[in-house]
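Descriptive structure summary
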Amino acid sequence: MATERKPLAERAAWQALQKHHQQIAGKHLRDLFAADPARGERYTAEAAGIFLDYSKNRIDDETLKLLLQLAEESGVAERRDAMFSGEKINITENRAVLHVALRAPKGEKILVDGEDQVALVHEVLEKMAGFSEKIRSGEWKGYTGKPIKNIVNIGIGGSDLGPVMAYEALKHYTQRDLTFRFVSNVDGTDFAEAVIDLSADETLFLVASKTFTTLETMTNAHSARTWALASLKEDAAIAKHFVAISTNAKEVAKFGIDTANMFGFWDWVGGRYSMDSAIGLSTMLAIGPDNFYDLLSGFHEMDVHFKSTPFEKNLPVLLGLLTVWYADFFNAQTVAILPYEQYLKRFPAYLQQLTMESNGKHVTLEGATVNYETGPIYWGEPGTNGQHSFYQLIHQGTRLIPCDFIGFFKTLNPLGRHHDMLMANVFAQAEALAFGKTADQVKAEGVPENLVPHKVFEGNRPSNVILADKLTPALLGKLVALYEHAVFTQGAIWNIDSFDQWGVELGKVLATRILGELEAEKEPAAGHDSSTNALIQKYRVSK
Ligand code: G6Q
């Protein structure tokens, strides 16, 4: 698929965007709206039940034309098609990137090395569904004959963030007599607090690890086994209280989990793209197989939209291009994700991994150092809480922070006027950021002269407003896929490998040597820099 392309900064559209930026940077959203009364309706797009208003961005028709031309010159469509057809586009790991196969309907075919992956996906889904039914109905009994009441997912990174986020997001749909806990950190407190009020004979551990070698997860899994055996006594109990989610059957068996109780996935599922694979077993246990299938169908609907819709109406492409616009031309360093939906409280944290692990790269696919900015920092909190903390800086600070507001027409918990109030805040915040308040407006309110500068809001701060009917399993799938493909679009333009994570791999090996030094009986040789040596020494004498 690799067509020779000019380096990004030499592409015609890129250079035209640089010139165009100089003109538009001086324009205020107030003027752009005044000049085009239909702007608020024109700069919108809708697909799969998700409505995107991107009119409050610092763009005009020329910007859009050039950004779309950039996508074209960068081969976004070709790269997308290569992904969907199972090509090994994760070149540094020589792997296909096929999370889209995880939600492809039964009967569709996607081949990798000649083998249809969709059929494999559905085999695992059916196994997960059978298992979930048994746990949810109480048919599956623990070692002492009691049904399972508590489910503890042990995993980290991609094997934790998706499951946690989905559990919180879909809590409304969960079976409430099951308790879910998630243990990720190697800090013993995480495990200790997760099981403090659980009894082992009613608890099931899901050990979720693609590699089954991750230090944190394996340490927690071993502690879980010790904890469970302290009351269940017999090794034979493990089979009733532990299942594995992994690609590594050998290590699973070594740990002592019967591989009949293993739910598999494949090397083409990246950790941060795995919440809809077997890694989502906790989600399926919580919401049930039917809802899980709905989640997958939502993902798939967005995949189809991304694959088949012209770019000017393509939600992930538009979202991705706008991020490139601010990151590379306005030098914006961050993007704020602001869901006005309490159930989405972990969504910003989830997106942090998806976006930053994918596009936090400094070399191109060919290994050349980039001469442009790549992935921005993603962060956020649910509204309205954020309004009472960090929004101040977004409104009146010196930095440009593009925001994504996410809201719903309907709430899952109707309560008096709460939902209208919540949504009034979405619209008001986006409006205030865009239009601000001039000195004249402030003066007209009778504000004393000396306070006027403090009460002026410059405005011209961009945002997207993303709206949908209500938060359902399908909607969550659409929303996640929307961002997955926006990240893909960015990565394709930046010409980076969005699917490797060498920075994470580094972390996995770094601590091992020092751990030995912290635990050694004999004083270790001072083999590090003077700071690290002194820190190790201080810890050894103080622990
Ligand atoms: C995700 C990363 C990383 C990974 C964790 C857990 O894309 O690769 O976050 O998910 O390091 O890895 P295991 O699932 O192999 O334990």
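Now for a description of the structure that goes with this document. Keep in mind that this is a model prediction, so the values were computed, not measured.

Orientation of helix H5 (residues 76-84) relative to helix H14 (residues 289-308), taken along the N-to-C sense of each, is 140 degrees, at an axis distance of 10 Å. Relative to H14, the element H5 is oriented oblique. Of the residues in H14, those touching H5 at Arg80, Met83 and Phe84 are Asp303, Phe306 and Lys307. When the residues that make up the contact of H5 with H14 are grouped by side-chain class, the tally is three nonpolar, no polar and three charged.

With that settled, the discussion passes to H14. For H14, with 20 residues, the first-to-last C-alpha span of 28 Å sits near the 28 Å given by 1.5 Å per residue. Among all positions of H14, only Pro289, Asn291, Phe292, Leu295, Leu296, Gly298, Phe299, His300, Met302, Asp303, His305 and Phe306 are buried.

Below, the discussion takes up the nonpolar core. Core analysis: the largest hydrophobic core is formed by 129 residues, its most contacted members being Phe347, Leu476 and Tyr483. The greatest single-element share of this core, amounting to 13 residues, is contributed by helix H21 (residues 473-494). Excluding its chain neighbours within four sequence positions, the residues that come into contact with Tyr483 are Leu319, Ile337, Phe347, Leu351, Leu354, Asp404, Ile406 and Ile466. In terms of nonpolar packing, the next biggest core, distinct from the first, is built from 25 residues, Ala194, Met218, Ile257 and Met262 among them.

As a further point, take the site of the ligand. For the ligand, the set of nearby residues contains 15 residues, the closest of which are Ser159, Ser209, Lys210, Thr211 and Thr214. Here an oxygen atom of the ligand and a side-chain polar atom of Ser159 are 2.7 Å apart. Coverage of the ligand by the protein amounts to 94% of the 400 Å² it exposes when considered alone. Broken down by secondary-structure element, the contributors of at least two residues to the shell around the ligand are helix H16 (347-359) and helix H22 (502-519). Taken together, the residues that form the shell around the ligand break down as two nonpolar, nine polar and four charged.

A few words on the pairing of strand S2 (residues 50-53). Bridge analysis of strand S1 (residues 44-47) against S2 gives four bridges, and the strand direction is antiparallel. Following the sheet pairing, Ala47 is matched in S2 by Ile50. Joining the antiparallel neighbours S1 and S2 is a turn of two residues, in which Ala48 adopts a positive phi near 50 degrees. Of the strand pairs in this sheet, S2 and strand S13 (residues 463-468) are connected by four bridges, and their pairing is antiparallel. What sits directly across from Leu52, in S13, is Ile466.

A few words now on the packing of H22 against helix H23 (residues 530-542). Viewed as axis vectors pointing N to C, H22 and H23 meet at an angle of 40 degrees, and their least axial separation amounts to 9 Å. On the basis of their axis angle, the class for H22 and H23 is oblique. Judged by the twist between their axes, the crossing of H22 over H23 is right-handed. Along the contact surface, H22 presents Ile514, Glu517, Leu518 and Glu519, while H23 presents Thr532, Ile536, Tyr539 and Arg540. Residue composition of the contact of H22 with H23, grouped by class: four nonpolar, one polar and three charged.

Within the open sheet, the five strands sit side by side as S6-S5-S7-S8-S9. Their pairing is parallel. Every other strand in the sheet has two partners, leaving strand S6 (179-183) and strand S9 (262-264) as the edge strands with one partner each. Between one strand and the next, the sheet's axes are offset by a mean angle of 20 degrees, whatever the strand orientation. Here three bridges tie strand S8 (residues 242-246) to S9, and the two strands are oriented parallel to one another. When the sheet's bridge partners are listed, Ser246 is paired in S9 with Gly264. Here helix H7 (residues 117-137) sits on the sheet and contacts strand S5 (150-154), strand S7 (203-208), S8 and S9; the angle it forms with S9, its principal contact strand, is near 145 degrees.

Glancing now at the sheet that holds strand S12 (residues 403-408). Strands belonging to one sheet form pairs held by backbone hydrogen bonds; the direction of such a pair is parallel or antiparallel. Across the sheet, which stays open at both edges, the six strands sit in the order S1-S2-S13-S12-S10-S11 with mixed pairing between neighbours. If you trace the sheet from one side to the other, it starts and ends with S1 and strand S11 (377-379), each paired once. Strand-to-strand twist of the sheet, defined as the mean angle between neighbouring strand axes without regard to direction, takes the value 15 degrees. Sitting on the sheet, H16 is in contact with strand S10 (334-339), S11 and S12, with an inclination near 165 degrees to S11.

Analysis parameters
Residues numbered from 1 in each chain as written. Predicted model: local features only at pLDDT ≥ 70, side-chain atom pairs only at ≥ 80, totals over all residues. Heavy atoms only, no water. Axes fitted to C-alpha atoms, helices over the stretch in contact; angles between N-to-C directions. Helix = DSSP H or I, 4+ residues; strand = E, 2+ residues; numbered from the N terminus. Parallel < 35°, antiparallel > 145°, perpendicular 65-115°, else oblique. Contact = heavy atoms within 4.5 Å. Nonpolar A, V, L, I, M, F, W, Y, C, P; charged D, E, K, R; others polar. Expected span 1.5 Å × (residues − 1). Buried < 20%, exposed > 50% of the residue type's maximum accessible area, 1.4 Å probe, protein only. Core = buried A, V, L, I, M, F, W, Y, C linked by side-chain atoms within 4.5 Å. Near = heavy atom within 4 Å. Polar contact = N/O pair within 3.5 Å; in protein donor to acceptor, adjacent residues only side chain to side chain. Areas by Shrake-Rupley, 256 points an atom, 1.4 Å probe, with all protein chains shown as cover. Pairing = 2+ DSSP bridges. Left-handed = near helix turned anticlockwise from the far one by under 90°.

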